[in-house]
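In case you want the letters, here they are:
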Amino acid sequence: MANALINTYNKVHDVLDYTRQMDGLAPLLLRLYLAPVLMQAGYNKLSHFEDTAAWFGNPEWGLGLPMPEVMAALAAGTEFFGGLALIIGFATRWISIPLMVTMLVAALTVHWENGWLAISDASSWLANDRVMEAAERLDRVKSILRENGNYSWLTGRGSVVILNNGIEFAATYFIMLLALFFTGGGRYFSVDYWLAKKFRPQAVES
């Protein structure tokens, strides 16, 4: 009985090992998920650059950062052009570093005080006092919409929610970028792989 279980385990393990031939799919999927998110964020900053720089620099209703034009340009350029690099898997490890820094800055300066959750959900075990308090506001919003609007039409594409703007998304993107920092662009599906195959074949073979 024990031998049969061991043999079955070994066979299953052999099949799973065979999937390593396509281990480049994992970083590819991470890159293709992150790229449009980052590019959209960068594009929004670039297309409204004056407003972005003002928000970066204003200490009262913004981030209060020094050299706001420079900081805004660095953040926007990193996100937009970094997203482009991720699509094709070029300089993946290199570009992951400034992108991770951007996510950390966003998490600490914009989202940290709001807790973890991006959307207020009072049923979550991660809900803080801010989220719990938002539940009453959300109930009031829904009541007003039911009384004064076509509620079924207004919610026909999704439920009404309150944006909590916590660190959830920034932290998630940071972890995905950290994974790419260690894996690189991935085998077969990245420019990095083919450049390494041509100029650093020993690294690819190892």
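Trainee: Help me out: how do you make sense of the overall build of the chain in this one?
Mentor: Counting its secondary structure elements, the chain contains 10 helices and zero strands. In the chain, the order of α-helices and β-strands from amino to carboxyl end is α-α-α-α-α-α-α-α-α-α. Projecting the C-alpha coordinates of the chain onto the three principal axes gives extents of approximately 65 × 55 × 30 Å. Taking all 206 residues of the chain together, the buried fraction comes to 31%. Residue pairs at least 24 apart in sequence account for 68% of intrachain contacts in the chain once pairs closer than 6 positions are excluded. Positive and negative side-chain charges of the chain, numbering 15 and 18 respectively, have mean locations separated by a distance of 11 Å.

Trainee: Help me out: how do you make sense of helix H3 (residues 49–57) in this one?
Mentor: Given 3.6 residues per helical turn, the α-helix brings residues three or four places apart onto the same face. Listing the buried residues of H3 in full gives Thr52, Ala53 and Phe56. Down the axis of H3, the smallest arc covering the buried residues is 95°, so these residues share one side. Residues of H3 that are exposed and angled more than 90 degrees away from the buried face: Glu50 and Asp51. Among the structural elements, helix H2 (25–47) and helix H4 (68–88) are those in contact with the buried residues of H3.

Trainee: Would you take a moment to explain the packing of H2 against H4 for this structure?
Mentor: The relative placement of two packed helices comes down to the angle between their axes together with the axis-to-axis distance. Between H2 and H4, the shortest axis-to-axis distance is 7 Å and the interhelical angle comes to 150°. The angle between H2 and H4 places the two elements in the roughly antiparallel class. Read as a crossing pair, H2 and H4 show a hand that is left-handed. Between H2 and H4, the residues in contact are Arg31, Leu32, Leu34, Ala35, Leu38, Met39, Ala41, Gly42, Tyr43, Lys45 and Leu46 and Ala75, Ala76, Glu79, Phe80, Gly83, Leu84, Leu86, Ile87 and Ile88, respectively. Broken down by class, the residue content of the contact of H2 with H4 amounts to 15 nonpolar, two polar and three charged.

Trainee: How do you make sense of the nonpolar core when you look at a structure like this?
Mentor: Proteins that are soluble and globular tend to have nonpolar side chains buried together. Ranked by size, the top nonpolar core spans 12 residues in total: Leu34, Ala35, Leu38, Leu86, Ile95, Leu99, Met100, Met103, Tyr173, Met176, Leu177 and Leu180. Counting residues per element, the ones that place at least two in this core are H2, helix H5 (92–111) and helix H8 (168–183). Discounting chain neighbours no more than four positions away, the residues touching Met103 are Leu38, Glu79, Ala170, Tyr173, Phe174 and Leu177. One finds Ala53, Phe56, Leu65 and Ala75 within the second-largest nonpolar core, a separate group that totals five residues.

Rules and cut-offs
Residues numbered from 1 in each chain as written. Predicted model: local features only at pLDDT ≥ 70, side-chain atom pairs only at ≥ 80, totals over all residues. Heavy atoms only, no water. Helix = DSSP H or I, 4+ residues; strand = E, 2+ residues; numbered from the N terminus. Buried < 20%, exposed > 50% of the residue type's maximum accessible area, 1.4 Å probe, protein only. Contact = heavy atoms within 4.5 Å. Lys, Arg positive; Asp, Glu negative; His and termini not counted. Charge placed at Lys NZ, Arg CZ, Asp CG, Glu CD. Arc of directions from axis to C-beta. Axes fitted to C-alpha atoms, helices over the stretch in contact; angles between N-to-C directions. Parallel < 35°, antiparallel > 145°, perpendicular 65-115°, else oblique. Left-handed = near helix turned anticlockwise from the far one by under 90°. Nonpolar A, V, L, I, M, F, W, Y, C, P; charged D, E, K, R; others polar. Core = buried A, V, L, I, M, F, W, Y, C linked by side-chain atoms within 4.5 Å.

Just distances and angles here, no functional claims.
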